Amino acid sequence: MHSPAIDVSLNRREQIFVVLLLWLSGVGLRLTLLALPPVIPLIHRDLEVSESAVGVLASLPTLLFAAAAIPGAVLIARFGVVRTVIGGLALTAIASALRGLAPSLPLLAAATLFMGMGIAFMQPAMPPLVREWLPQRIGLGTAVYANGLLMGEVFSASLTIPILLPLLGGNWRWSLVAWSVPVLATAALVAWLAPRRKATIVTAAMPRRWWPDWRSPRLWRLGLILGGINSLYLSSNAFLPDFLHSTAQPALISPALTALNFWQLPATLVMAVFAGRITRRSWPFVVSGLVSLASVAGMVLLPGYWIVGMAGLLGFVNALGLILILALRGLLVAPEDVARLSAGIFTISYSTAVVIPILGGLAWDLTGVPFAAFVPIGLSALLVVGLAPTVDFTPAHGAR
């Protein structure tokens with residue numbers, strides 16, 4: 001039985017708080033995750049890790065995104081979305097700070113696992129959180145937290161090398177601790193300012209269903225498409241710094257990471273204008289996958305600042321695909337099924353994305369050729385291109 005849409009009007013001050021909290025929570029989803037790629041060469045030097053170990057380290061959060069997505073849906077059903085988001089933010093911040101204090105690779109990996117768990121608890125909570133706080137403006141709420149997510153990637157990926165590391169004496173450990181502070185502060189703000197009256201009413205009316213429908217072909221196809229999109233982005237962030245260092249272009253590391261992450265932001269503006277026209281179509285995913293493939297090839301084959309340009313293009317088209325998936329979760333199923341659909345998609349997508357960095361690191365180590373790490377990344381783009389035309393975009397009964 002579908003729960004009715006409950007509209008508890010917010011005053012202007014509450015509206016401002018809600019938008020701010022959604023944006024900050026989106027930032028918290030990625031701020032600590034993307035704090036690692038800029039300092040990978042320093043970790044590589046200090047802890048003497050192989051490229052395969054770098055691939056494993058980059059895959060650990062993704063592994064938890066897959067493994068903890070369904071437990072995240074259980075937490076939502078048991079404690080509600082607000083408490084789940086607060087707990088996820090707090091766990092993410094504390095575990096990320098512990099990464100910086102870890103004296104060895106195993107302890108660094110363990111802290112990374114717990115950080116990934118915190119993010120994984122939050123991810124399926126964000127769509128129902130938008131429905132609780134802004135039931136009549138779901139599109140706006142989704143755009144706000146998606147923009148925050150992308151900004152979180154930009155902040156840590158682009159500011160670590162030129163600003164934060166010099167302020168901290170080049171200490172990569174303290175940089176990981178520093179990026180954890182805003183996430184912990186966001187957890188405190190959500191606990192303090194969240195409009196609980198509205199969240200309580202909506203949550204009480206919602207059926208507590210959390211187990212994904214694994215028999216749904218659409219769930220698997222959307223999960224694998226998102227897996228390809230995530231693999232393109234996360235693996236490129238993981239291997240681009242070492243690739244540029246190994247090809248004697250270390251000066252391009254910060255500009256390339258900045259471009260890869262910053263050019264996702266214009267994609268949010270494009271989607272704000274055109275999302276209604278292209279959301280339930282396959283061709284945007286096909287175009288995104290093909291351009292992503294060309295961008296990956298350009299990053300490893302073209303010289304100099306062409307690499308920066310190709311990284312920016314990859315970030316832009318990859319973000320288009322990501323935002324399309326975020327929007328589809330709320331459009332294809334009834335409101336009470338959004339959390340469990342999200343959990344299923346995240347489980348499948350991040351299981352896929354775990355494999356790609358590991359394969360990339362093994363390819364580099366076995367061949368001794370830096371660009372070999374990007375071959376599995378290119379295959380991720382082909383996965384998006386091949387699956388998108390097979391998806392049924394017809395909304396289920398009760399969906400908006």
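See the structure shown above.
Reference entry: report on the structure contained in this document. Note that this is a predicted model, so its numbers are computed, not measured. Every chain is numbered independently, its residues counted from 1 as its sequence is written. It should be noted that, the model being predicted, local features are given only for residues of pLDDT at least 70 and side-chain atom pairs only at 80 or more, the latter also being counted only at that level, while totals for whole chains, interfaces and linings use all residues. The side-chain figures draw on all heavy atoms in the structure; neither hydrogens nor water molecules are used.

**Some thoughts on the overall build of the chain**
Here is step 1 of the chain: Only DSSP runs of H or I covering at least 4 residues are called helices, and only runs of E covering at least 2 are called strands; the numbering of each starts at the N terminus. Within the chain one finds 17 helices and zero strands.
Here is step 2 of the chain: Relative to a compact globule of 400 residues, whose C-alpha radius of gyration would be 21 Å, the chain shows 20 Å and is just as compact.
Here is step 3 of the chain: For the chain, the spread of C-alpha atoms along the principal axes amounts to about 60 × 45 × 35 Å.
Here is step 4 of the chain: Buried residues in the chain amount to 60% of all 400 residues.
Here is step 5 of the chain: Any pair of residues with heavy atoms lying within 4.5 Å of one another is described as a contacting pair. Restricting the contact set of the chain to residue pairs at least 6 apart, pairs at least 24 apart contribute 86%.
Here is step 6 of the chain: Here the open area of atoms and residues is found with the Shrake-Rupley method and a 1.4 Å probe, where only the protein chains shown may cover a residue. Accessible surface, the chain as shown: approximately 15,600 Å² in total, 71% of it carbon and sulfur.
Here is step 7 of the chain: Positive residues here are Lys and Arg, negative ones are Asp and Glu, while His and the chain termini are left out of the count. For the purpose of locating charges, the reference atoms are NZ of Lys, CZ of Arg, CG of Asp and CD of Glu. Treating the 24 positive side-chain charges of the chain as one cloud and the 13 negative ones as another, the clouds have centres 12 Å apart. Only the C-alpha atoms count toward the radius of gyration. The rule for a globule is 2.2 Å times the residue count to the power 0.38. We call a residue buried when its accessible area falls under 20% of the maximum for its residue type, exposed when it is over 50%, and partly exposed in between, using a 1.4 Å probe and counting protein chains only.

**Considering the environment of alanine 185**
Here is step 1 of the chain: Within the secondary structure, alanine 185 is located in helix H9 (residues 172-193).
Here is step 2 of the chain: Separated by 92 residues in sequence, alanine 185 and alanine 93 have C-alpha atoms that sit 9.0 Å apart.

**Thoughts on helix H12 (residues 253-262)**
Here is step 1 of the chain: Counted residue by residue, H12 has seven buried out of 10 residues, so it is predominantly covered.
Here is step 2 of the chain: The complete set of buried residues in H12 reads Ile253, Ser254, Ala256, Leu257, Ala259, Leu260 and Asn261.

**Brief notes about the packing of aromatic side chains**
Here is step 1 of the chain: Centres within 6.5 Å are what make two rings of Phe, Tyr or Trp a pair, Trp counting through its six-membered ring; a difference in plane orientation under 30 degrees is then read as stacked, over 60 as edge-to-face, and the rest as tilted. This structure, assessed with the given rule, holds eight aromatic pairs.
Here is step 2 of the chain: With a centroid separation of 6.1 Å and an interplanar angle of 80°, the aromatic rings of tryptophan 211 and tryptophan 214 are classed as edge-to-face.
Here is step 3 of the chain: Tryptophan 214 gets classed as partly exposed once you look at its relative accessible area, which sits at 25%.
Here is step 4 of the chain: Centroid distance phenylalanine 262 to tryptophan 263: 5.8 Å. Interplanar angle 85°. Geometry classified as edge-to-face.
Here is step 5 of the chain: On the accessibility criterion, phenylalanine 262 (38% relative accessible area) is partly exposed.
Here is step 6 of the chain: Assessed through its relative accessible area of 43%, tryptophan 263 is described here as partly exposed.

**As for the packing of helix H4 (residues 69-79) against helix H5 (residues 81-101)**
Here is step 1 of the chain: Fitting a line to C-alpha atoms yields each axis, with helices limited to the stretch in contact; the angle taken between N-to-C directions then spans 0 to 180 degrees. Contact geometry of H4 with H5 gives a least axis separation of 7 Å together with a crossing angle of 130°. On the basis of their axis angle, the class for H4 and H5 is oblique. Where H4 approaches H5, its residues Gly72, Leu75, Ile76 and Phe79 are matched on the opposing element by Val81, Arg83 and Thr84.
Here is step 2 of the chain: Tallied by class, the residues present in the contact of H4 with H5 amount to four nonpolar, two polar and one charged. Convention used here: angles under 35 degrees read as roughly parallel, angles over 145 as roughly antiparallel, angles from 65 to 115 as roughly perpendicular, and any remaining angle as oblique. In this classification, Asp, Glu, Lys and Arg are treated as charged, Ala, Val, Leu, Ile, Met, Phe, Trp, Tyr, Cys and Pro as nonpolar, and every other residue, Gly included, as polar.

**Some details on the nonpolar core**
Nonpolar side chains in soluble globular proteins tend to end up buried together.
Here is step 1 of the chain: Counting residues in hydrophobic clusters, the biggest one holds 126 residues, and the most contacted among them are Leu22, Trp133, Ile225, Leu240, Phe285 and Phe374.
Here is step 2 of the chain: When sequence neighbours within four positions are dropped, the list of residues in contact with leucine 22 reads Met126, Leu129, Val130, Trp133, Leu134, Gly141, Val144 and Tyr145. Here, nonpolar core refers to any group of buried Ala, Val, Leu, Ile, Met, Phe, Trp, Tyr and Cys residues whose side-chain atoms link them within 4.5 Å.

**Section: helix H16 (residues 338-367)**
In an α-helix, one full turn covers 3.6 residues, which means residues spaced three or four apart are oriented alike.
Here is step 1 of the chain: Helix span, as expected, comes to 1.5 Å for every residue beyond the first. With 30 residues, H16 ought to run about 44 Å at 1.5 Å a step, and its terminal C-alpha atoms sit 44 Å apart, in line with that.
Here is step 2 of the chain: In terms of burial, H16 is largely enclosed, as 21 of its 30 residues are buried.

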